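Descriptive analysis of the structure
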Amino acid sequence: MQNILPKILTYLFVIVVYAFIYTIIRMIFLDIRTMSRKKNITKADGYLKLMNLKTDLDFDVKESYELERDNLIGRSNKCGIRIADRALSSVHCRIFKAEDTFFIEDSGSANGTLLNGESVADEVVELIDGDKISIGSMMFLFVKSE
Amino acid sequence: MKNDNYIVRPLICILAVALLGGVLISINTGAVNPDTTMLLGGMCLTLAVVYALLRFFPLGDHYIFMITSMLGVIGVIMLLRLQTGHGQKQVIWFSVGAGLFLVTSLVYRFVKHWNKLNKLYVAGGIMLFMATALFGYSSGGAKSWLRLGGFSFQPSELVKILFILTLAGVFTNEYKKPMENDHKIKTFYNTKLGRNCAATFVAYLFLLFLLLQRDWGTAVLFFAVYIAFMAVYGEDKRFLILNGVAAVFVSIIGIKFMSHIQVRIATWLRPFDDIAGKGYQITQSLFAIGEGGFTGRGIGAGSPYYIPEVHSDFIFSAICEEMGILGGLAVIMLYFVLVYRAFKISLSTNNDFNKAVAMGIGVMLGVQTFIIIGGVIKFIPLTGITLPFISYGGSSMVTTFLALGILQGISARRREIEDEI
């Protein structure tokens, strides 16, 4: 009896260490799965691709933004696409989708929105695959996925 | 909720391991040591507090600290079993390290421009090496210790972090357009070849210092980190050849002229030739691992005292003896997951400098573990470096926690950005 108890505890010790490793790996696995699931749900019809080198910009910005049905771009937290660029207005512009076509309009921004080098001003302009959108100190390429 | 289970379960596992370890020590040594109980309890309390902080505040990755705590607890159990005094100091160092881990992660996260301090890192590294060369004293064949107040520490441990930050800065800082009145060196630095040369220069400078200290284990570690950076960012085959030639050249010189290295190589190839003398340490280590079998002799029931330096470099053999090869494999797997996390953070952050730093830290941890575990199981020649978080030693514990703190800071920054967008 005296020899059995330490033996059992020794086995138990190793088992618990492995249980720990299993739990950690399982947690990581779950994390990764939810992350990839999130990506699949928002499979967008179009996205914005950053044309600038990220190292030239002194704020955090993603390489690409997927577009939903209605997107606000700006600095405030009510914008779906929020970028902390000082040259952006709090709500800078809006990109929305109507019947498979994306449109862009300026939301009264201070520095304006340029589409292929021309100001959007007060109009609502249709976006075509390959359009270049300049807002703030950034330039985005509009890509429409089929 | 099902997910809540997963939040507390790893913590419960760690507490259970600590409890089982304590009970096993008491049973197998035949005495209940109140110090052991207190120290294990204190350690569990520390890590529970840190874990709770990580959970309830958005401080980033949860896994790094969990894995580290498990490694730390296994180490402390082993040390308490070997010598209560060592275990006691280790618990204190672990707590200090965990505190520094949190502080570093916050500092790293909120102080910007870490990538613009390259000159400072190099200067700091050189100063630490110079101080070691002038005021240091030797222990275990390498003159790499510095005494400060009542503490002695290994400056090369700290330089490891500076080295990673330097290399990351050199390779990821933007290229400035050359001006007319710029110095030639500055113009050269802003080319791809210039960056490679700068990194090589810093790496070889640090390596020279380490070789002068005769700290070959750490030198190999630095070289491996440098090679990893060159492989990822260097994109130049000439440097690969150059480094290969240099490595072979230095190895040949070491094997031909340094008695220190000759002994290491001889005991690696033929440990049983001089079993009572030079091969004593490695053979005892092998006996201990063999004695342990699959599940070990039980914590406190083995006889690890035959192995010299069992509390620091050779703790892995003691773990294998008392927890078995399964316990040893579990430890290796924990390091695997830790290194995996480092690379995962490196891949998912979107700041180039942070990417490089996380990569460097991952490589450093992985290579360090490989060198020492490979050494004690006679897979590669033995070089004396510590097993991160398990070996007894304050400077190793604290600096590895600093490195992980940086990693934690990087992971928190990443989450912040994800949440905002």
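In what follows, the accompanying structure is described. (Residues numbered from 1 in each chain as written. Chains lettered and ligands numbered in written order. Predicted model: local features only at pLDDT ≥ 70, side-chain atom pairs only at ≥ 80, totals over all residues. Heavy atoms only, no water.)

Moving on, we get to the interface of chain A and chain B. Each side of the interface is counted separately: chain A has 33 residues, and chain B has 46 residues. Interface area, chain A with chain B, both sides summed: about 3400 Å², of which 74% is carbon and sulfur. On the chain A side of the contact with chain B, Phe13, Phe20 and Met27 of chain A bury the most area, a combined 21% of that side's loss. Put simply, chain A and chain B have zero salt bridges between them. At the junction of chain A with chain B, the criterion picks out three residue pairs in polar contact (both at pLDDT 80 or more). (Contact = heavy atoms within 4.5 Å. Buried area = accessible area lost by both parts, 1.4 Å probe. Salt bridge = Lys/Arg side-chain N within 4 Å of Asp/Glu carboxyl O. Polar contact = N/O pair within 3.5 Å; in protein donor to acceptor, adjacent residues only side chain to side chain.)

Let's shift gears to the environment of Phe110 of chain B. Residues and elements named next belong to chain B. Relative to the elements of secondary structure, Phe110 occurs in helix 4 (residues 84–110). The exposure class of Phe110 is exposed, given its relative accessible area of 54%. Sequence separation of Phe110 and Lys344 is 234 residues, and the distance between their C-alpha atoms is 21 Å. (Helix = DSSP H or I, 4+ residues; strand = E, 2+ residues; numbered from the N terminus. Buried < 20%, exposed > 50% of the residue type's maximum accessible area, 1.4 Å probe, protein only.)

In this section: the packing of helix 8 (residues 192–212) of chain B against helix 10 (residues 237–257) of chain B. Residue and element names in this part refer to chain B. Their axes nearest at 12 Å, the elements helix 8 and helix 10 cross at an angle of 10 degrees. For the element pair helix 8 / helix 10, the angle class is roughly parallel. For the pair helix 8 and helix 10, the crossing hand works out as right-handed. Counting all contacts with helix 8, which are made through Leu193, Asn196, Cys197, Thr200, Tyr204 and Leu211, the residues of helix 10 involved are Arg238, Phe239, Asn243, Ala246 and Val250. (Axes fitted to C-alpha atoms, helices over the stretch in contact; angles between N-to-C directions. Parallel < 35°, antiparallel > 145°, perpendicular 65-115°, else oblique. Left-handed = near helix turned anticlockwise from the far one by under 90°.)

Looking now at the pairing of strand 10 (residues 132–135) of chain A. Sheet faces and side chains relate simply in a regular strand, where the side chains alternate between the two faces. Residues and elements named next belong to chain A. Pairing of strand 7 (residues 113–115) with strand 10, which is carried by three bridges, proceeds in the antiparallel orientation. If you follow Thr113 over to strand 10, its bridge partner there is Ile135. Pairing between strand 10 and strand 11 (residues 138–144): four bridges, direction antiparallel. Within strand 11, the residue paired with Ser134 across the bridge is Met139. Adjacent in sequence and paired antiparallel, strand 10 and strand 11 are bridged by two residues, among which Gly136 carries a positive phi angle near 55 degrees. (Pairing = 2+ DSSP bridges.)

Moving on, we get to the packing of aromatic side chains. Under the counting rule described, the total for this entry stands at 22 aromatic pairs over all chains. Measuring from ring centre to ring centre gives 6.5 Å for Phe65 of chain B and Phe94 of chain B, while their planes differ by 40 degrees; the resulting arrangement is tilted. Of the two residues, Phe65 of chain B sits in helix 3 (residues 63–82) while Phe94 of chain B sits in helix 4, which places them 29 residues apart along the sequence. Assessed through its relative accessible area of 0%, Phe65 of chain B is described here as buried. Relative to Phe209 of chain B, the ring of Phe129 of chain B has its centre 5.2 Å away and its plane inclined at 10 degrees; by these criteria the two rings are stacked. One end of the pair, Phe129 of chain B, is in helix 5 (residues 118–135); the other, Phe209 of chain B, is in helix 8, with 80 residues separating them in the sequence. Of the two residues, Phe129 of chain B and Phe209 of chain B, both sit in the buried class. Counting every residue linked through ring pairs, the aromatic cluster contains Phe65, Phe94, Phe101, Phe389 and Phe401 of chain B. In this arrangement the basic side chain of Arg94 of chain A is found over the ring face of Phe96 of chain A, its NZ or CZ atom lying 4.3 Å from the centre. (Phe/Tyr/Trp six-rings, centres within 6.5 Å; stacked < 30°, edge-to-face > 60°. Lys NZ or Arg CZ within 6 Å of the ring centre and 35° of its normal.)

So, about the environment of Ile64 of chain B. Residue and element names in this part refer to chain B. Mapped onto the elements of the fold, Ile64 is located in helix 3. Taking the relative accessible area as the measure of exposure, Ile64 reaches 0% and is therefore buried. As a C-alpha pair, Ile64 and Gly300 span 236 residues in sequence and 29 Å in three-dimensional space.

We now examine the side chain of Asp61 of chain B. Following the sequence through the fold, Asp61 of chain B ends up in the loop between helix 2 (34–56) and helix 3. Looking at Asp61 of chain B, its side chain comes within polar contact range of the side chain of Arg341 of chain B, at 2.6 Å.

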